[in-house]
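# Fold and contact review
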Amino acid sequence: MPTQLHISADPEAVARDFTRYLLEQLRDKKHFTIALSGGSTPKLLFRLWAAEYRDVIDWSAIHFFWGDERCVPPGDDESNFGMTKALLFDKVNVPEENIHRVHGEEEPEIEARRYAAEIADNTEQFNGFPSFDLVILGMGDDGHTASIFPHEIALFKEERFCVVATHPTSGQKRVSITGPIINSAQRVAFLVTGANKNDKVNAIFQREEGYPSYPAAHVQPVTGALHWFMDEAAMYDGSPNS
Ligand code: 6PG
């Protein structure tokens, strides 16, 4: 399935454009699994959903997971779950049982195994792997995605559903889903904004020399749809070779 590009004027417009897409995918669904990304871009989404979609989205139909989580307690400023709770779960009515957080406070390797089992127990299977209805991804300005970084790119192809990754500069441990899980999803949506991403977006879309060294370049759902929601600052020059 060809890559679908969605270009918006600015990050707020990206959040609105993606939300329109999500509403289309959620229509008439009573059970929908989403793996959220972390970092700053999703904050725009959560603020928009809390402000304008509190009574529009059937939150009881969505099961929330994370594509990656920092190995810190849930109340830590670094916690992706903590950020999502503060901006979204504390403001809309998501049933407790629909929130499948990574226990960042636990020993990373033990938690990676536990979380892999929680994913497997709560998603459909496809292609021999757990298959999320939707995986939302960000991309770092080094081309990482989820918490698979270029210096550990071998982790992307791991058969394990979840691995322990290490942030290249801070050394922070993280639990991350791997490439087979990402590429077994029914839908994958990158949300990428900002001029600091432009270099890697260009490299990936125009297959510039060295682009396979960027984990984000390896996201290609087996049969699912791949969407890139970007603002003009992040988008590449030219058309994708997809
Ligand atoms: C994380 C993320 C990570 C993020 C990218 C982009 O836990 O940090 O999941 O992969 O999506 O680093 O982050 P920004 O949205 O802040 O640019």
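These notes cover the structure that comes with them. If you're wondering where the values come from, they're calculated on a predicted model, not measured in any experiment.

### Notes on the sheet that holds strand 7 (residues 134–137)
The strand order across the open sheet formed by six strands is 1-11-10-7-2-3, and the pairing between neighbours is parallel. Strands at the two margins of the open sheet, each flanked by one partner only, are strand 1 (4–8) and strand 3 (62–66). The sheet shows a mean angle of 20° between the axes of neighbouring strands, direction not considered. As paired strands, strand 7 and strand 10 (residues 187–192) are joined by three bridges and run parallel to one another. What sits directly across from Val 135, in strand 10, is Val 188.

### Digging into the sheet that holds strand 4 (residues 68–70)
Across the sheet, three strands lie side by side as 4-9-8; this open sheet has antiparallel pairing. For this open sheet the edge positions go to strand 4 and strand 8 (162–166), each flanked by a neighbour on one side alone. Across the sheet, the mean angle separating the axes of adjacent strands is 25° when strand polarity is ignored. Here strand 8 pairs with strand 9 (residues 173–177) via five bridges, running antiparallel. Paired with Val 163 across the strands is Ser 176, a residue of strand 9. Most of the contacts of helix 4 (residues 108–122) go to strand 8, to which it runs at about 145°, and overall it touches strand 8 and strand 9.

### Topic: helix 6 (residues 198–205)
For helix 6, the tally of buried residues reaches six of eight residues, placing the bulk of the element in the interior. Residues of helix 6 that are buried: Lys 200, Val 201, Asn 202, Ala 203, Ile 204 and Phe 205. Contacts made by the buried residues of helix 6 are with strand 1, strand 10 and strand 11 (225–231). The positive-phi residue at the C-terminal boundary of helix 6 is Arg 207, with phi of around 50°.

### Some remarks on the site of the ligand
Not every one of the 14 residues close to the ligand is listed here, only the nearest: Ser 40, Thr 41, Asp 68, Ala 146 and Lys 197. Between the ligand and the protein, one listed contact pairs an oxygen atom with a side-chain N or O atom of Asp 68 at 2.7 Å. With respect to the ligand, the side chain of Asn 80 contributes an N or O atom lying 2.9 Å from an oxygen atom. In isolation the ligand has 410 Å² of accessible area, and contact with the protein removes 88% of it. For the shell around the ligand, the class distribution of residues is two nonpolar, eight polar and four charged.

### Examining helix 4
Under the 1.5 Å per step criterion, the end-to-end length of helix 4 is 21 Å for 15 residues, consistent within 8% with the ideal 21 Å. Listed in full, the buried residues belonging to helix 4 are Pro 108, Glu 111, Ala 112, Tyr 115, Ala 116, Glu 118 and Ile 119. Taken around the axis of helix 4, the buried residues stretch over an arc of 165°, which confines them to a single face. Exposed side of helix 4, more than 90 degrees from the buried face: Ile 110, Arg 113 and Asp 121 are the residues found there. As for helix 4, its buried residues are in contact with strand 3, strand 6 (129–131), strand 8 and strand 9. The distance from a side-chain oxygen at the start of helix 4 to the backbone nitrogen of Glu 109 is 3.0 Å, and the residue carrying that oxygen is Glu 107.

### So, the side chain of Glu 152
With respect to the helices and strands, Glu 152 occurs in the loop between strand 7 and strand 8. Salt bridges are absent for the buried Glu 152, whose nearest opposite-charge side chain, Lys 173, sits at 5.7 Å. Of note is the side chain of Glu 152, whose polar atom sits 3.0 Å from the backbone nitrogen of Thr 166. Filtering out sequence-adjacent residues up to four positions away, Glu 152 remains in contact with Ala 165 and Thr 166.

### Structural notes on the side chain of Thr 33
Within the secondary structure, Thr 33 is located in strand 2 (residues 32–36). For Thr 33, a relative accessible area of 2% translates into the label buried. Apart from residues lying up to four places away in sequence, Thr 33 is in contact with His 63, Phe 65, Asn 122, Thr 123, Ser 131, Phe 132, Asp 133 and Leu 134.

Here is what the cut-offs are and how they apply
Residues numbered from 1 in each chain as written. Predicted model: local features only at pLDDT ≥ 70, side-chain atom pairs only at ≥ 80, totals over all residues. Heavy atoms only, no water. Pairing = 2+ DSSP bridges. Helix = DSSP H or I, 4+ residues; strand = E, 2+ residues; numbered from the N terminus. Axes fitted to C-alpha atoms, helices over the stretch in contact; angles between N-to-C directions. Contact = heavy atoms within 4.5 Å. Buried < 20%, exposed > 50% of the residue type's maximum accessible area, 1.4 Å probe, protein only. Near = heavy atom within 4 Å. Polar contact = N/O pair within 3.5 Å; in protein donor to acceptor, adjacent residues only side chain to side chain. Areas by Shrake-Rupley, 256 points an atom, 1.4 Å probe, with all protein chains shown as cover. Nonpolar A, V, L, I, M, F, W, Y, C, P; charged D, E, K, R; others polar. Expected span 1.5 Å × (residues − 1). Arc of directions from axis to C-beta. Lys, Arg positive; Asp, Glu negative; His and termini not counted. Salt bridge = Lys/Arg side-chain N within 4 Å of Asp/Glu carboxyl O.

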